[in-house]
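# Geometric and topological summary
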Protein chains: 2
Amino acid sequence: MTASPRSSDDASAIDEIDEEDIVDRIFDAVVEQRLPPGTKLSESVLCEAFGVGRMRIRRALLLLASREVVDLHANRGAFVASPSPRQAREVFEARLALEPKIARLAVERATADDIANLSAHLLKEHAAHHEDSRQEAIRLSGQFHLLLAQIAANSVLLRMMKELVTRTSLIIGIFGAPSVTNCRDDDHERILDAFKARDGQAACDLMVEHLRVIEGSLELQNKTGGAVDLVNLFRRK
Amino acid sequence: MTASPRSSDDASAIDEIDEEDIVDRIFDAVVEQRLPPGTKLSESVLCEAFGVGRMRIRRALLLLASREVVDLHANRGAFVASPSPRQAREVFEARLALEPKIARLAVERATADDIANLSAHLLKEHAAHHEDSRQEAIRLSGQFHLLLAQIAANSVLLRMMKELVTRTSLIIGIFGAPSVTNCRDDDHERILDAFKARDGQAACDLMVEHLRVIEGSLELQNKTGGAVDLVNLFRRK
DNA sequence: GTTGACGGGATTGTTAACAAAATGACAGTC
DNA sequence: GACTGTCATTTTGTTAACAATCCCGTCAAC
């Protein structure tokens, strides 16, 4: 849910910023790779940024940490997570467990409106690709997967997918070649075809293939060279 | 410096209680159905119970709420969650998406030690059943599923399963017939057989069947009668 | 007899001050 | 010149007091 565009300057109106809003905003920033892995999330800076007290920020950071999107170091602060190769593999394994099933459920439950929304979404994805707006392209390709979970109409699965999609953005930021975008929208197109044909099995299979391609495009081996070793080794824990 | 009011602390060495510990302790209590749905979790009482400050308790409750094991009502406090029939269905749908895959992975990755541990676990389950220790039986049958996730060696999946198993206990507490225990350990036995035969597909299929049986034993329709209608309708939200 | 209003008591939410720890700079030494 | 130990600053973690909200028992009115 995107935040409603209300002017936050209005002091008389309801300024109630839920900590969920803060969490979502940071989620989005991570997905769009505006917050690279390792970025320090200073409490005071975030207080300033969101115009809320320190307590709210602290709760938001705790929630983000519980989703493993930020790492909390005692007495040192919060940092955007830097997934290890192992964590990256675990995230993709979880996605491979969840998303094929989600795709199937979504096909079974999609209304005509849902399919129309998906089509419209793909148009936006295409446009972003052609306009070379990398951030928007990344955001939309992640959003596509969340849309499927939404169509599947299961809030538990949707919440899990939000976490996994966000962490995938971090993973691609670390292990992906610079030219690689999140998803090839061709794959999304074919998944949409499966929706139109109401072929749940096809959607399932296409999703498996899609995820395998993405994971395969990453460099998950220890591609460390020289001094970088220490940086990556001792970054955390 | 104000000494922490250690009124009746155990003389155990560990004074440092992580909020993760508190979360786990409450998770366990919920799994064992010692904390029925709707139970109020008062901050001051929990402070007393765990011997920690209010901040720790608040953080623990926030984490529990993010796992949807407790509901947080503004200005009213924290309550053990009371899953709706819809939420119950969502939880089982998520388990059906995850656990067959987890079972397959676990079979593929199980060492001889892992299988021995599973066997030992099943003996404990049997013993608990025969001794009619209901709480222990419930705890162990949930633990079995977590053991599989642990053998699958995927921390993401393990964390998700912890949440789902806990919520399942709440669901069974609400919608299960009083005599029904969490899982029939016969099913667990057969899954173990699949491990011994190294038959991942069989484990996968058995898990699907196992979960379907559990869900089928619940009364997820609106089994309301008379005055109960209002209570269930307006219980929350 | 039921309904609505009121106030005491208790619990939660927030703020601010305080304590503890880590970072970074600086100086002294080998 | 590089390394190490110390100190000041900054940032995080904790505690305690304060404010706001809600629950519940009481009471009056219809």
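What you see as residue numbers is a count from 1 along each chain, following the sequence as written. Chain letters and ligand numbers both follow the written order, the letters beginning at A and the numbers at 1. Where local features are concerned, this predicted model is filtered to residues with pLDDT of at least 70; where side-chain atom pairs are given and counted, the filter is 80 or more; whole-chain, interface and lining totals use all residues.

### Looking at the relation of the copies chain A and chain B
Copies of the same chain, two in number, are related to each other by a rotation about an axis and a translation along it. Overlaying chain A on chain B yields an RMSD of 0.0 Å, the required transformation being a rotation through 180° with an accompanying axial translation of 0.0 Å. Such a combination of turn and shift is consistent with a two-fold rotation axis. Contacts here follow a simple rule: the backbone-placed C-beta atoms of the two residues must lie within 7 Å. When the interface residues of chain A are mapped onto chain B, 100% of them again fall at the interface, so both copies present the same face. A residue counts toward the fit only if its pLDDT is at least 70 in both copies, and the copies are then superposed by least squares on the C-alpha atoms of those residues.

### A look at the environment of phenylalanine 175 of chain B
All names here are of chain B. Positionally, phenylalanine 175 belongs in helix 7 (residues 155-175). Residues phenylalanine 175 and alanine 60, spaced 115 residues apart in sequence, show a C-alpha to C-alpha distance of 27 Å. Apart from residues no more than four positions distant in its own chain, phenylalanine 175 is found in contact with Ala88, Leu218, Glu219 and Leu220. Labels follow the DSSP assignment, with helices taken as runs of H or I lasting at least four residues and strands as runs of E lasting at least two, numbered in each case from the N terminus.

### A few points about the confidence of the model for chain A
Predicted coordinates in regions of low pLDDT should not be interpreted in detail. Residues and elements named next belong to chain A. Per-residue confidence from the predictor is reported as pLDDT, a score between 0 and 100. Looking at chain A as a whole, the pLDDT averages 87, with 84% of positions reaching at least 70. Looking at the elements of chain A, mean pLDDT is at its lowest for helix 10 (residues 228-233), recorded as 46, and at its highest for helix 4 (residues 85-109), recorded as 98. Low pLDDT, under 50, characterises residues 1-14; the stretch is placed with three contacts to residues that sit more than four places away or in other chains. This stretch, residues 224-237, has a pLDDT under 50; its non-local contacts, to residues over four places away or in other chains, come to six contacts.

### Concerning the interface of chain A and chain B
Between chain A and chain B, the contact holds 16 residues from the first and 16 residues from the second. For the side of chain A that touches chain B, the secondary structure elements donating two or more residues are helix 3 (54-66), helix 4 and helix 7 (155-175) of chain A. The classification used treats Ala, Val, Leu, Ile, Met, Phe, Trp, Tyr, Cys and Pro as nonpolar, Asp, Glu, Lys and Arg as charged, and all other residues, Gly among them, as polar. A class-by-class count of the residues in the side of chain A that touches chain B yields nine nonpolar, three polar and four charged.

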